[in-house]
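Chain by chain, the residues run as shown.
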Amino acid sequence: MQQSYPGINPSISEWKGQEITDFQEDLLIKANAHISEKWFYNHIKSENKSLPRIDVLNLLSKYAGFANWDDFVFKNSDQVAQGKSVAKANRFFIVVPLLVIGVMAILFLLFKLFSIREYRFSFYDAHTRETITGCQIEIKILSEEESPVNYLSGTTGSFVLKTGESVIKMVINAPYYKSDTITRILKTFERDQKISLQPNDYALIIHYFSEMNVDDWQKRRTYLGKIIDNGAMIYQVLNDINAPGMELYNKDEFIDKLTMPTGSLKHIEVLDTKYKNDKIMVLRFRINEK
């Protein structure tokens, strides 16, 4: 067709009305044969991969300068084989990497699944060496790639963590114990982890003063005056569910209410303390009505 019509579109699948008509006329002149426009659309402009009938293949081969279809296949066998090899090679370089990626993804998922282990963490008093029970301990798991995750221990003083990490970092907060940041290397066969906490002596003393009947009130006031900073911020968390809130005390108000025989601060549960120069700067507590 390019010999008869040099300007024709080289992509046969894009031929349209006049170009198809020109092809029909040229085919009639050179091969004394005719194909319909419908046949052209069914076989040339569609994605149908099946070959036409052998008689059509023969006349198209004759139009292209060959004796028949067999002659065309024989004289172009090298190009056909090369095309098939290229196609197979292309499939190889596509399929094999996809298979490798798929297998690696499956292996990675299996590794993550079987590497997740369950660890039980329990806490004990660094002085008495006894397990800390009867209070809720707050555990904050730290990660470089995400926000902290918070856990609460049960009344048994332990909590369970499922993780696939080999190293974890956590911040521990417990009533009457100093906050601490712990880093642990987790080992497969050491599932029970024990962590020691240092007692918060000042918090224990305040709790003790609120619980016990002490005759020497002046001695108690003097001691509290030494351990509490003059500018300390002291908060009482109110237990009223319907009207939650806080009550603020300065140092003198707090000592008065804690040490006077008729004081209202009994059975204090210390929730949080902060220190500066070995003195309490912030104290947060509530009244344990139970």
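Residues numbered from 1 in each chain as written. Predicted model: local features only at pLDDT ≥ 70, side-chain atom pairs only at ≥ 80, totals over all residues. Heavy atoms only, no water.

## Digging into helix α1 (residues 17-31)
We apply this condition: Segments assigned H or I by DSSP are reported as helices when at least four residues long, segments assigned E as strands when at least two residues long, and all are numbered from the N terminus. In this scheme, a helix's expected span is set at 1.5 Å multiplied by one less than its residue total. Buried means the residue's accessible area, taken with a 1.4 Å probe over protein chains only, is under 20% of the maximum for its type, while exposed means over 50%, and partly exposed covers the values in between. Every residue pair with non-hydrogen atoms within 4.5 Å of one another is taken to be in contact.
Look at α1: 21 Å from first C-alpha to last across 15 residues, which is about the 21 Å you get at 1.5 Å a residue. Ile20, Asp22, Phe23, Gln24, Asp26, Leu27 and Ala31 are the residues of α1 that are buried. Where α1 is buried, its residues touch α2 (37-43) and α3 (54-63). Of the residues one or two after α1, Asn32 is the one with positive phi, at around 55°.

## Thoughts on the sheet that holds strand β10 (residues 268-276)
Counted only if it meets this: DSSP bridges decide pairing: two strands pair if at least two such bridges lie between them. Angles run from 0 to 180 degrees between N-to-C directions of axes, and those axes are lines fitted to C-alpha atoms, restricted for helices to the stretch in contact.
On the basis of which strands lie adjacent, the open sheet formed by four strands has the order β9-β8-β11-β10 and mixed pairing. Each end of this open sheet is capped by a strand with a single partner; those strands are β9 (246-249) and β10. The mean inter-strand angle of the sheet, taken between neighbouring strand axes irrespective of direction, is 15°. Here eight bridges tie β10 to strand β11 (residues 279-287), and the two strands are oriented antiparallel to one another. Opposite Ile268, over in β11, you have Ile287 as the bridge partner. The sheet contacts of helix α6 (residues 201-211) involve β10 and β11, and relative to β10 the element is tilted by about 145°.

## Remarks on the sheet that holds strand β1 (residues 117-125)
Sheets are built from strands paired through backbone hydrogen bonds, the pairs being either parallel or antiparallel. Across the sheet, three strands lie side by side as β4-β1-β7; this open sheet has mixed pairing. Looking at strand neighbours, the two that pair on one side only are β4 (158-163) and β7 (192-197), the edges of this open sheet. The mean inter-strand angle of the sheet, taken between neighbouring strand axes irrespective of direction, is 30°. Judged from the six bridges that link them, β1 and β7 form a sheet pairing that is parallel. Opposite Ser122, over in β7, you have Lys194 as the bridge partner.

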